[in-house]
Amino acid sequence: MLQAVGLSCRRGERRLFSNLNVKVEPGTLLAVVGENGSGKTSLLRIFSSLLPPEEGSVLWDGQDIHQLKELYAGQLTYLGHLNGIKDDLTPLENLMSATSLAGEPCSNKGAKEALEAIGLKRPIHHLPSKVLSQGQKRRVTLARLWLSTRPLWLLDEPFTSLDAASTSVVTQRLLTHVQRGGLAVLVTHQEVALPAERLQHLRLAG
Amino acid sequence: MNRSSMWEAVSGVVKRDLLLAMRRRSDAAMSVFFLVIVASLFPLGVGPEPAVLKTIGPGVLWVAALLACLLSLSRVFTADYVDGALEQMVLVPQPLAVLVAGKVFAHWLISGLPVVLLSPLLGLQFGLDGEPLGVLVLSLLLGTPTLSMIGAIGAALVLGVRGSGLLVALLVLPLYVPVLIFGAGAVTGSMAGVGGEANLSLLGASLVLSLFLAPWATAAAIRIALE
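Residues numbered from 1 in each chain as written. Chains lettered and ligands numbered in written order. Predicted model: local features only at pLDDT ≥ 70, side-chain atom pairs only at ≥ 80, totals over all residues.

1. A look at the pairing of strand β6 (residues 76-79) of chain A
The side chains of a regular strand alternate between the sheet's two faces.
Residues and elements named next belong to chain A.
Part 1 of the argument: What you see with β6 is no split at all: Leu76 and Tyr78 on one side and Thr77 and Leu79 on the other are buried throughout.
Part 2 of the argument: In the sheet, β6 pairs with strand β7 (residues 152-156) via four bridges, with the strands oriented parallel. Bridge pairing links tyrosine 78 to leucine 154 in β7. (Buried ≥ 20, exposed ≤ 12 C-beta atoms within 10 Å, placed from the backbone. Helix = DSSP H or I, 4+ residues; strand = E, 2+ residues; numbered from the N terminus. Pairing = 2+ DSSP bridges.)

2. A few points about the interface of chain B and chain A
Part 1 of the argument: With 25 residues of chain B at the contact, the number on the chain A side is 24 residues.
Part 2 of the argument: Counting only elements with at least two residues in the side of chain B that touches chain A, the list comes to α1 (3-23) and α5 (85-90) of chain B.
Part 3 of the argument: By residue number, the principal contributor to the side of chain B that touches chain A is α1 of chain B, which donates nine residues.
Part 4 of the argument: Residue classes in the side of chain B that touches chain A are distributed as 13 nonpolar, five polar and seven charged. (Contact = placed C-beta atoms within 7 Å. Nonpolar A, V, L, I, M, F, W, Y, C, P; charged D, E, K, R; others polar.)

3. Brief notes about the pairing of strand β8 (residues 183-187) of chain A
Residues and elements named next belong to chain A.
Part 1 of the argument: Judged by how many residues are buried, β8 sits mostly within the fold: five of five residues are covered.
Part 2 of the argument: Along β8, one buried face is formed by Leu183, Val185 and Val187 and the opposite face, lined by Ala184 and Leu186, is buried too.
Part 3 of the argument: By the bridge criterion, four bridges tie strand β3 (residues 29-34) to β8 in an arrangement that is parallel. Directly across from leucine 29, in β8, lies its bridge partner alanine 184.
Part 4 of the argument: The sheet contact formed by β7 and β8 spans five bridges and is parallel. If you follow leucine 152 over to β8, its bridge partner there is leucine 183.
Part 5 of the argument: Between the parallel elements β7 and β8, the chain passes through helix α8 (residues 164-179) in a crossover that is right-handed. (Right-handed = clockwise from strand over helix to strand, strands pointing away.)

4. Regarding the sheet that holds strand β2 (residues 14-24) of chain A
Residue and element names in this part refer to chain A.
Part 1 of the argument: One open sheet holds the four strands; their spatial order is β2-β1-β4-β5, and the pairing between them is antiparallel. Single-partner strands in this sheet number two, and they are β2 and β5 (63-64).
Part 2 of the argument: Bridge count for strand β1 (residues 2-11) against β2 is seven bridges, and the pairing is antiparallel. Across the sheet, the residue bridging to alanine 4 is valine 22, located in β2.
Part 3 of the argument: Taken strand by strand, helix α1 (residues 40-48) contacts β1, β2 and β4 (55-60), and its axis lies near 125° from that of β1. (Axes fitted to C-alpha atoms, helices over the stretch in contact; angles between N-to-C directions.)

5. Topic: the confidence of the model for chain B
Part 1 of the argument: Confidence along chain B averages 91 in pLDDT terms, with 99% of residues attaining 70 or more.
Part 2 of the argument: The ipTM, which scores confidence in the relative placement of chains, is 0.88 for this predicted complex, and the corresponding pTM is 0.90. (pLDDT = per-residue confidence, 0-100.)

6. What about the sheet that holds strand β9 (residues 199-204) of chain A?
All names here are of chain A.
Part 1 of the argument: Taken in spatial order, the five strands of this open sheet run β6-β7-β8-β3-β9, and their pairing is parallel. The sheet is open, and its two borders are formed by β6 and β9, each paired with just one other strand. Sheet twist, expressed as the mean angle between neighbouring strand axes with direction ignored, is 15°.
Part 2 of the argument: Those strands touched by α8 are β3, β7 and β8, and its axis lies near 145° from that of β8.

This is the structure we're talking about:
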């Protein structure tokens, strides 16, 4: 269970939010919505432990994530709004180096299947990533979701530059994840087509 | 996390960086060519007297190696910072300092090792031979990893700063002074017949110290840059 207790965040002079309390139960997805600049990404970065909160704390199963450190990282798949894709590597190499770095190395076959699951066909696997479109690069990043066995997913605008078909494929993957008891926090501007009992909204006021 | 998965993550980082360098060979070749050109300018400027060249040789070669290392420093973290790969590196179950050590090792293989391998040739250009030439190679072999280690701290500190190229030079060059003194001192010592052992030992000590401390300092700087 992921829990935020009395979180405050300030970027520069601006206070983005204060005394924020939210709880994400296993099997549910938290969709963080709000205007541009309302602190959605900052909240996600606080959840990921990249950004220390000004006040308050984030608890994972009752323990502070800044005390858990690497143990918490082992529970987590974080995909930021940057893709982390190397232009000089092929999608396959990108995916495999990302998963091996995350401590979940996958086989060549597993990586290919993940790429196909998100609609990247075989010829694309061996092209340098610089020739891919923005949406295709995003899909290479998101293919990690098919290889991740971590319980907590933190995704920053996963649907950006995806077409309708890929969006529904990713949503389906999210549904499978929460049905298996996983948790997810999503920053998004779009509606997430999940059953209402699995979906929780958090609106940041900006 | 057990040891084998840590090893896997580190070797993954090293392999990825080497693969990237292979795909962009011109980048890696640039700092080596820079070294060759800088080292070749001095004989042209100072004149061809063998005695003079022999005296300035060790210092010139060491300064050139140092500048070549400085030139390649921006490549260590900047690209990963810009495209988000560095964030992923922070959020892994392994200690960041260990992954940083892997990245610095890859940087040394790409830009430090070629300098070491090329140095006998450049040494000959300055009339060094016999034992001093051997000491030059050995001093660079011990010194260039230290340069990469110290440089990584600077490179991490200036992440996200505009005009970082010049800033990193100002930050890092003063820290390179001891390495330069020991390195060039070892070669001149061996030329003067007193042997370079003392300076080489000091270089070795600097390497051990930087191996121990630099990854942690670099990791802390990366975390600050990503906040």
